[in-house]
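Structural characterization, general
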Amino acid sequence: MMKMSFEVTARKLFGVNYERLARTLFLDLVVFWGLHIAGFQVQIASSILYLMTSAFSAGVMWQALSSDGNRANLENMLMLPFEGRTLVLSYVAALGAYTLLTKTAGLLAVVWAVGHWSWVEILGSIFCALAAIVVASCLYPLRLGRTDAYAFYVQPERRRRTVKVHHRYSVWRYLFRYLMSHKNYLVNTAAMWGVACVLPVLLGQMEARFVLPIGFAILSLNTPICILLSCDPALEQAVRFLPGQKKAFCVPYCLFIFGCNLATDIIFLCSWQLQIGGVILLHALTAAAFALLSATGSVLLERYCPIQGWKIESDLWHHPRKYIVPAVMLLLAGLVSMF
């Protein structure tokens, strides 16, 4: 019974024949070997390795447990006769394997390749990842005050609201309503604001004209607001096929991302001014330019290359495509710093 329950969830995440798992592990091996033979090395303390691995694994596991796709899959299993402990163990084990083998493995492939690690540290990082997955699995059902199998299934929130009739459509209204109904997107944006406050401490030893553009590029990595078309296939189809929707949706969407990016960059500049000083008008104009360029690039990717074939929201948040725009912005930051 436990094996069957495990395979129901695992095959949904890894593919019917586990082909997605094999492909992901192969790509991780390629990344590891490529970085290793390139000779690129970074000094990372063991404590940072353990903290990074634990925080990342716990976050991904929590996202997997909260996923709408997994919730629907669990709902189907709860309709069948089941033994509570067996179902919980198999469900958590499948999501834990997904977290460790498809997400944490990618992080470890990079970190292991660029640092000098002993076998004790390598095994310690794996143990930290497993411990974080177990802790997240234990804490998730407790937020409902329950410990049975039904504690892992949270019914979609239903609210009775007075519907206000609007005579004109508004993309802005849709975007803000979407954020209000997906609080984790707001949490991610708040986390980027925290990063913006901390960056001057990490980069403050370098001259502002060199490091500020790099900071703007790093802060463009706000994944959730850049995948609104990918996470809503119905909306993506409407934008693609309905007449006039490209301009009607993509322009406000670009301005929306621009506003979010610019707000983060302004926090970064204010933090830099308070801690280091020396911010001038040119730096503010550079921030606006980077915010607009990264927003334009994100919308173009969503319009012409949306992420498809994903299983749960975590696949969207950690898709390799998220690094394309920040990578281009980093290259541009290098050019700007030279001039």
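This is a predicted model, so every value here is computed, not measured.

Cut-offs and rules
- Within every chain, residues take consecutive numbers counted from 1 along the sequence as written.
- Local features in a predicted model are, by the rule used here, given only for residues with pLDDT of at least 70; side-chain atom pairs are given and counted only at 80 or more, and totals for whole chains, interfaces and linings are based on all residues.
- Neither water nor hydrogens contribute to the side-chain values; these are computed over all heavy atoms in the structure.
- Interaxial angle, 0 to 180 degrees, is taken between N-to-C directions of lines fitted to C-alpha atoms, where a helix line uses only the stretch in contact.
- In this description a helix means any DSSP run of H or I spanning at least four residues, a strand means any run of E spanning at least two, and both kinds are numbered starting from the N terminus.
- Under this scheme an angle from 65 to 115 degrees is roughly perpendicular, one under 35 degrees roughly parallel, and one over 145 degrees roughly antiparallel; angles in between are oblique.
- For any helix crossing, the convention is left-handed if the near helix is rotated counterclockwise from the far helix by under a right angle, and right-handed if that rotation is clockwise.
- Residue contacts are defined here by distance: any two heavy atoms, one from each residue, within 4.5 Å place the two residues in contact.
- In this classification, the charged set is Asp, Glu, Lys and Arg, the nonpolar set is Ala, Val, Leu, Ile, Met, Phe, Trp, Tyr, Cys and Pro, and all remaining amino acids, among them Gly, are polar.
- Salt bridge criterion: a side-chain nitrogen from Lys or Arg within 4 Å of a carboxyl oxygen from Asp or Glu.
- Residue exposure (1.4 Å probe, protein chains only): buried if accessible area is under 20% of the type maximum, exposed if over 50%, otherwise partly exposed.

**Description of the packing of helix α9 (residues 208-218) against helix α12 (residues 281-304)**
It is the contact of α9 with α12, at a shortest axis distance of 10 Å, that shows an interaxial angle of 30 degrees. It follows from the interaxial angle that α9 and α12 lie roughly parallel. Here α9 runs over α12; the crossing is right-handed. Between α9 and α12, the residues in contact are Ala208, Leu212, Pro213, Phe216 and Ala217 and His283, Thr286, Ala287 and Phe290, respectively. Tallied by class, residues from the contact of α9 with α12 come to seven nonpolar, two polar and no charged.

**What to know about the pattern of salt bridges**
Within the structure shown, the criterion is met by one salt bridge. Residue arginine 321 is joined to glutamate 302 by a salt bridge in which the shortest nitrogen-to-oxygen separation is 2.8 Å. Pair noted here: arginine 321 is in the loop between α13 (313-317) and α14 (324-338) and glutamate 302 is in helix α12, with a separation of 19 residues, a long-range link. Residue glutamate 302 is classed as buried on the basis of its relative accessible area of 0%.

**Quick word on the environment of alanine 288**
Positionally, alanine 288 belongs in helix α12. Judged by its relative accessible area of 25%, alanine 288 falls in the partly exposed class. Not counting residues within four places of it along the chain, the set of residues in contact with alanine 288 comprises Phe258 and Leu262.

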